[in-house]
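# Observations on the three-dimensional arrangement
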Amino acid sequence: MLVLTRHPGQYITIGDDIVIHISDVQGANVRMAIDAPRNIKIYRGEIYEAIIEENKKSATQPDNIDLNQLMPSKDDKKD
């Protein structure tokens, strides 16, 4: 892990096409602006962890689900 000290107005580059600008620092809060290509997904840490957890839950679902039970039957459909 790389730990850096930056001040408002300074920036960090990652590779050739990602730039993290330090916009503002107020106490323990840091405001950053990130310039990156649209195909790069950027998530806050807690959102990323929630996505990973949800993917793990999905991966452990049983494979023997009867899809016919999930679909309404013709008799259940209303016109």
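To keep things clear, this report deals only with the structure shown in the data block. (Residues numbered from 1 in each chain as written. Predicted model: local features only at pLDDT ≥ 70, side-chain atom pairs only at ≥ 80, totals over all residues. Heavy atoms only, no water.)

## Section: the overall build of the chain
Put simply, the rule reads: Every helix listed is a DSSP run of H or I at least four residues long, and every strand listed is a run of E at least two residues long, numbered separately from the N terminus. Under the scheme applied here, a residue whose accessible area is under 20% of the maximum for its type counts as buried, over 50% as exposed, and between as partly exposed, the area being computed with a 1.4 Å probe on protein chains only. We call two residues in contact whenever any of their non-hydrogen atoms come within 4.5 Å of each other. Only the protein chains shown count as covering a residue, and every accessible area follows the Shrake-Rupley method with a 1.4 Å probe.
A count of helical and extended segments in the chain gives two helices and three strands. Listed N to C, the secondary structure of the chain is β-β-β-α-α in terms of helices and strands. Here the chain holds 79 residues, and 4% of them are scored as buried. In the chain, 0% of the contacts between residues at least 6 apart in sequence involve partners at least 24 apart. Carbon together with sulfur atoms contributes 51% to the accessible area of the chain, which is approximately 7800 Å² in total.

## Things to note about the pairing of strand S1 (residues 11-14)
Stated formally: Pairing between two strands is assigned when DSSP locates at least 2 bridges connecting them.
Taken together, the four bridges between S1 and strand S2 (residues 18-26) define a ladder with antiparallel strand orientation. By the bridge assignment, Ile 12 is partnered in S2 with Ile 20. Count of turn residues in the S1/S2 antiparallel hairpin: three residues, of which Gly 15 carries a positive phi of about 65°.

## Examining a nonpolar patch on the surface
Inclusion rule: Candidate patch residues must exceed 30% relative accessible area and have no salt bridge, after which like charges are joined if within 9 Å and Val, Leu, Ile, Met, Phe, Trp or Tyr side chains if within 5 Å. Every case where a carboxyl oxygen of Asp or Glu lies within 4 Å of a side-chain nitrogen of Lys or Arg is listed as a salt bridge.
On the surface, Val 25, Val 30, Met 32, Ile 34, Ile 40 and Ile 42 cluster together to form a nonpolar patch covering roughly 500 Å² of accessible area. Here the nonpolar patch gets three residues from one element, more than from any other, and that element is strand S3 (residues 29-35). The exposure class of Val 25 is partly exposed, given its relative accessible area of 38%.

## Quick word on the pattern of salt bridges
Applying the stated rule across the entire model yields one salt bridge. Glu 46 is the salt-bridge partner of Arg 44, the closest N and O atoms lying 2.8 Å from each other. Glu 46 sits in the partly exposed class, given a relative accessible area of 49%.

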